[in-house]
Amino acid sequence: MNQPVNRPRRIEYLDLYRAFAIMAVVAIHATSTAVAHYPKHTLDHNFYYFWNSFLQFAVPAFLFLSSLVLFYNYSSKIKEKGWMPAFYKKRLFYVFVPYLAWSLIYFIVKQWLAGKEPLAHVKQFSEQLLTGTAHTHLYFFLIILQFYVVFPLLLSLTRYRVFNRYLPLFFIAAQAVFYALHLQFHFSRMGSLLPSYLIVIGFGAWIGLNFDAALKKLFLYRYVLIAALLSGGAVFIYGNAYIKTAFAATPALTYTLLFLFRNLFTLSACLLLLIVCERIGAWKQNGSNRTTRILNSLGTVAFGVFLIHPLVLLFWRRELTVELAPHFSLGIMLSYVVAILLSWIIAMGLRRMKWGWVLIGR
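So, here's what we can say about the structure. (Residues numbered from 1 in each chain as written. Predicted model: local features only at pLDDT ≥ 70, side-chain atom pairs only at ≥ 80, totals over all residues. Heavy atoms only, no water.)

1. Here we look at the pattern of salt bridges
Convention followed: What counts as a salt bridge is simple: a side-chain nitrogen of Lys or Arg found within 4 Å of a carboxyl oxygen of Asp or Glu. Here the term buried applies to any residue with accessible area under 20% of the maximum for its type, exposed to any over 50%, and partly exposed to those in between, with areas from a 1.4 Å probe on protein chains only.
Going through the model one piece at a time under the given rule, you end up with 5 salt bridges. Of the charged contacts in the structure, one is a salt bridge between D15 and R10, with a shortest N-O distance of 3.0 Å. Given a relative accessible area of 6%, D15 falls into the buried group.

Shown next, in the form of structure tokens:
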């Protein structure tokens, strides 16, 4: 296992990873109405259903990347005094404050659009803040905040050789146990709970701790990962209904199969995206390629784009759905482009302001 370096170099092409991941997130939200709009088994429905389902790896990809970056950057600081308070101050402060701000923004806007008085529903806002439900995408912040809370503990476990050696297996086992407990106790809002993503977090941690060696190993097994992506994706996208029907009498088996194929798909997608970005970074090390520079720019403000784009889509659908109804598919495509570009521009502007961190973090 490679020992962590004292001063990890910045991995430039991870901004590419963030750019691709945020484009996938916006595409999921932009195409969600098309999936519901078109009748099943039509060409239009099949097209949007495929892309909306295939891009579902996007949120796990951000968690995978967060884990990779944290373990990569902090593995050399574990013996330093005072690193933990500094970590909590930086990570939690610059995430929780934007989460609070945008939860309030989305709550007020939605109350206003519904013709209600926001101040009369403070209790409702408090509940939405605690559950990440002020708008559909804000649940992600509950997950990332949970991760930040337990990260120092996870990092401290890397002092033990057995944990380091079998690190991905520990995370796979932990998520499997959590899913088994869910079968028994039926946890609510599973998608907002950190243990639902332990596999991608575990592999992100493993790569972060062994970056160069792990990348070489991933590239060596790239065709295995492609096969895993295709097989896992095929079952995840098109086989869910069949599995639920065929094994309805055995819920444990149904859940196990869905667990295996969903995680096979999402994990292989996260790993392959990392390989692709590394290859692009190797080809364009001088940064002279215009497309790469543009994507890097998007990646640097991906957090802000994530926060802002649903507001753009909200007003787009409110103001332009009727006008574009005769050209519904074109409207979906335009909404995606506008949501990306407008939120990107706003995020870039906020980044240059002293108080911009309140809305888009750092």
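There's plenty left to go through after this.
2. Quick word on the side chain of N164
Test applied: Numbering of helices and strands starts at the N terminus; helices are DSSP runs of H or I of at least 4 residues and strands are runs of E of at least 2.
Inspection of the secondary structure puts N164 in helix α7 (residues 161-165). Taking the relative accessible area as the measure of exposure, N164 reaches 15% and is therefore buried.

3. Brief notes about the nonpolar core
Rules: Here, nonpolar core refers to any group of buried Ala, Val, Leu, Ile, Met, Phe, Trp, Tyr and Cys residues whose side-chain atoms link them within 4.5 Å.
Counting 110 residues, the largest nonpolar core has F64, F147, I207 and L274 as its most contacted members. When residues in this core are grouped by element, the largest group, 13 residues, is from helix α3 (residues 58-74). One finds V35, Y38, Y48 and I332 within the second-largest nonpolar core, a separate group that totals 6 residues.

4. Concerning helix α10 (residues 211-220)
For clarity, the cut-off: Each direction from the helix axis to a C-beta atom contributes to the arc, which is the arc of those directions. Contact criterion: two residues are considered in contact whenever any of their non-hydrogen atoms come within 4.5 Å of each other.
Three or more residues of α10 are buried, namely F211, A214, L215 and L218. Seen from one end, α10 has its buried residues packed into an arc of 100 degrees, which puts them on one side. Away from its buried face by more than 90 degrees, α10 exposes K216 and L220. Buried positions along α10 lie against α3, α9 (198-209), α11 (222-246) and α12 (251-283).

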